[in-house]
Amino acid sequence: FGGGTPSYLSVSQLQDLTDRMKEAFPWDDAEEVAFECEPGTLTEKKLDQIRSLGVTRLSLGVENFDDHILELNGRAHRSEEIHRAYRHAQSIGFPQINIDLIAGMIDETEENWLRCIDQAIMLEPDCVTIYQMEVPYNTGIYKEMQKSGKLTAPVADWPTKRRWVSTAFDAFVSAGYTVTSAYTVVKDP
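Residues numbered from 1 in each chain as written. Predicted model: local features only at pLDDT ≥ 70, side-chain atom pairs only at ≥ 80, totals over all residues. Heavy atoms only, no water.

(A) Representation of the nonpolar core in the model. Counting residues in hydrophobic clusters, the biggest one holds 39 residues, and the most contacted among them are I50, L60, F65, I99, L101, W113 and F172. Counting only elements with at least two residues in this core, the list comes to β1 (34-37), α2 (44-52), β2 (57-63), α4 (79-91), β3 (96-103), α5 (110-123), β4 (127-132) and α7 (158-174). In terms of nonpolar packing, the next biggest core, distinct from the first, is built from seven residues, I69, I102, M105 and M133 among them. (Core = buried A, V, L, I, M, F, W, Y, C linked by side-chain atoms within 4.5 Å. Buried < 20%, exposed > 50% of the residue type's maximum accessible area, 1.4 Å probe, protein only. Helix = DSSP H or I, 4+ residues; strand = E, 2+ residues; numbered from the N terminus.)

(B) Quick peek at the pattern of salt bridges. What the rule picks out here adds up to two salt bridges. Taking the shortest distance from any N to any O, the salt bridge between R20 and D16 comes out at 2.7 Å. Taken together, the residues span about one helical turn, with R20 and D16 both in helix α1 (residues 11-24) at a distance of four residues. In this structure, E110 and R163 form a salt bridge, with 2.9 Å as the shortest nitrogen-oxygen distance. Separated by 53 residues along the polypeptide, E110 in helix α5 and R163 in helix α7 bring together distant segments of the chain. Classification of E110 as partly exposed rests on a relative accessible area of 29%. (Salt bridge = Lys/Arg side-chain N within 4 Å of Asp/Glu carboxyl O.)

(C) Layout of the sheet that holds strand β6 (residues 184-186). Strand order in the open sheet made by the six strands is β1-β2-β3-β4-β6-β5, with mixed pairing throughout. Edge strands, defined here as strands with exactly one partner in the open sheet, are β1 and β5 (178-179). In terms of strand pairing, β3 meets β4 through six bridges, oriented parallel. Among the inter-strand pairings, A103 is bridged to a residue of β4, identified as Q132. (Pairing = 2+ DSSP bridges.)

In structure tokens, the structure reads:
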């Protein structure tokens, strides 16, 4: 489930949607059922429901752990919600928890990125997906750039973002993870 943020749906909407989906395409024998979540949309009740639907891989769109950066970049969650959702997801036994990180967000510094990597490693997720910040044409940030007449994205440049992603991969490998794609590290391949 995802691309987009299906965790914005209510518990009853999720149940109705998946009941109808399972009629057309049962997934009882699926090796993996993944579900993307925005941490600020999750309650314990919703996480319990997502797990009971048969979801085996929870993907949390953490992006960053710094509240200022999360707010400035229009994210709907803050660090406290990340940790609350992650702890509860672990406690109810999701077989696999992934977190997403984004290198080079607005106002991000090298120091912040290094702290972000350290915090992610301390959580010990099963998988981490690392993206580089982009500013698509249909975003609020791009619309603000158009208004100002300055069409240079207010994010880190591509060489910096590539270096930061490389730094993250090196740190995760040192922590025992394996790089499995251009975007992903896993604890146990």
